[in-house]
Amino acid sequence: MKFRFCGDMEPPAWLLAEIPCIASSVQHEVDLHVVTDAVIAAVLKASSYDEVRLVRRRWNRLMCARWMQVMNNLVVAVGELDAKAILVSIKWIVVHAAKYDIQESVLLPEVQQLGLPSDVARTIVSVYESHHTALRHHLQHHNTPFPAVMPCKWQVSLAVASRAAPALHTPMIELVLGHDFMELDVRTFRVLHQELKAARALMAAATQHVS
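Residue numbers here run from 1 along each chain, matching the order of that chain's written sequence. It should be noted that, the model being predicted, local features are given only for residues of pLDDT at least 70 and side-chain atom pairs only at 80 or more, the latter also being counted only at that level, while totals for whole chains, interfaces and linings use all residues. By convention in this description, side-chain values take in all heavy atoms of the structure and omit both hydrogens and water.

Section: the overall build of the protein
No. 1: Assigned secondary structure in the protein consists of nine helices and three strands.
No. 2: Put simply, DSSP marks the helices as runs of H or I at least four residues long and the strands as runs of E at least two long, and each gets a number from the N terminus on. Reading the helices (α) and strands (β) of the protein from amino to carboxyl end gives α-α-α-α-α-α-α-α-β-β-β-α.
No. 3: Residue contacts follow a heavy-atom distance rule, with two residues in contact if any of their heavy atoms lie within 4.5 Å. A fraction of 62% describes how many contacts in the protein between residues 6 or more apart in sequence connect residues 24 or more apart.
No. 4: Just so you have it, the protein exposes about 11800 Å², and 57% of that area is on carbon and sulfur atoms. Accessibility throughout is a Shrake-Rupley quantity obtained with a 1.4 Å probe, and a residue counts as covered only by protein chains that appear here.

Quick look at the structure:
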């Protein structure tokens, strides 16, 4: 099934696998309103949308002590592995919803279709909606420009498992373009790779035409 907040594509498999972590977190008295607000605050403080790597060591420079306490409480409630899954999943949802300018009325039923209970989905979407304008503004002013040739580094990481998905084995590609960091699933990376190959072919053809 395709979703508008995914750019009219299917959601990545790893996101679907982590949805139960978000859904079950409320059973551990996790305040998803506060967590979602903290995730969005971290995104807005980052120099680019994809810079925010939601692991605990990075939050020290992005967030104040209050939000660090929120993250620590989340880890205590659900464990380090599930906490990271919740943070990364919520970040992915709100970032991509803002990227494609998705309104609350569209996003709410879509995240429910992912498998989130209605109350959990409504909490996340309501926080997203309150920051929608700020997120859009941040995206527009921190979109990665490429005025010149820039160095590219990459590595592949493998999500072996989480409590909700004990046999996940989902690879993720981490790209660093200049000073910007991006995380891509395999399908998105393949699309990017094909587009870059096509661009390279066009550049080669243009060079031959000029010469």
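Observations concerning the side chain of Ser25
No. 1: Looking at the element boundaries, Ser25 is found in helix 1 (residues 13-25).
No. 2: Other than its neighbours up to four places away in sequence, Ser25 contacts Val30, Leu32, Val78 and Ile86.

Structural notes on the nonpolar core
No. 1: Ranked by internal contacts, the top residues of the largest apolar core, which has 47 residues, are Phe5, Ile22, Ile90, Leu107 and Leu116.
No. 2: Breaking this core down by element, the ones donating at least two residues are helix 1, helix 2 (32-45), helix 4 (65-78), helix 5 (80-99), helix 6 (104-114) and helix 7 (118-130).
No. 3: With twelve residues, helix 5 is the largest single contributor of residues to this core.
No. 4: Beyond its immediate stretch of four places on either side in the chain, Ile22 contacts Leu32, Ile86, Ser89, Ile90, Leu116, Val120 and Ile124. Here, nonpolar core means buried Ala, Val, Leu, Ile, Met, Phe, Trp, Tyr and Cys residues that are tied together by side-chain atoms lying within 4.5 Å of each other. For every residue, the accessible area (1.4 Å probe, protein chains only) is compared with the maximum for its type, and the residue is labelled buried under 20%, exposed over 50%, or partly exposed between those bounds.

Digging into the environment of Leu177
No. 1: Tracing the sequence through the fold places Leu177 in strand 2 (residues 170-177).
No. 2: In this structure Leu177 comes out as buried when scored by relative accessible area, which is 16%.
No. 3: For the pair formed by Leu177 and Pro151, sequence separation is 26 residues and the distance between their alpha carbons is 6.0 Å.

Thoughts on the side chain of His96
No. 1: Relative to the helices and strands, His96 is located in helix 5.
No. 2: By the criterion applied in these results, polar contacts are pairs of N or O atoms within 3.5 Å in which, for protein atoms, one can donate a hydrogen and the other can accept it, and in which residues neighboring in sequence qualify only through two side-chain atoms. In terms of polar contacts, His96 uses its side chain to reach the backbone carbonyl oxygen of Trp92, at 2.9 Å.

Notes on the packing of aromatic side chains
No. 1: Stacked, tilted and edge-to-face are the three classes applied to pairs of Phe, Tyr and Trp rings, where Trp contributes its six-membered ring and a pair requires centres within 6.5 Å; stacked means planes under 30 degrees apart, edge-to-face means over 60, and tilted covers the rest. Under the counting rule described, the total for this entry stands at three aromatic pairs.
No. 2: Seen in terms of ring centroids, Phe3 and Phe5 are 6.0 Å apart; in terms of plane orientation they differ by 65°. Their pairing is edge-to-face. The residues Phe3 and Phe5 share a single accessibility class, namely buried.
No. 3: Ring geometry for Phe5 versus Trp92: centroids 6.2 Å apart, planes at 80°, classification edge-to-face. With Phe5 in the segment before helix 1 and Trp92 in helix 5, the pair connects residues that are 87 residues apart, well separated along the chain.
No. 4: Residue Trp92 is classed as buried on the basis of its relative accessible area, which comes to 16%.
No. 5: Linked through ring pairs, Phe3, Phe5, Trp14 and Trp92 together constitute an aromatic cluster.

Thoughts on the pattern of salt bridges
No. 1: Any Lys or Arg side-chain nitrogen located within 4 Å of an Asp or Glu carboxyl oxygen qualifies as a salt bridge. Inspection of every chain in the model, using the stated rule, returns one salt bridge.
No. 2: For the salt bridge of Arg136 with Asp101, the shortest nitrogen-to-oxygen distance reads 3.7 Å. With a gap of 35 residues between them, Arg136 in helix 8 (residues 132-141) and Asp101 in the loop between helix 5 and helix 6 connect regions that are remote in the sequence.
No. 3: Overall, Asp101 belongs to the partly exposed group, its relative accessible area being 34%.

A short note on the environment of Ser105
No. 1: Along the chain, Ser105 turns up in helix 6.
No. 2: The class of Ser105 is exposed, set by a relative accessible area of 61%.
No. 3: Taking the C-alpha atoms as reference, Ser105 lies 9.7 Å from Glu129; in sequence the two are 24 residues apart.

Structural notes on helix 5
No. 1: When the terminal C-alpha atoms of helix 5 are compared, their 28 Å separation across 20 residues agrees well with the 28 Å that a helix rising 1.5 Å per residue should span.
No. 2: With respect to burial, helix 5 is a largely interior element, 16 of its 20 residues being buried.
No. 3: In the segment just after helix 5, Asp101 is the residue with positive phi, at about 55°. Each helix should span, by expectation, one fewer than its residue count multiplied by 1.5 Å.

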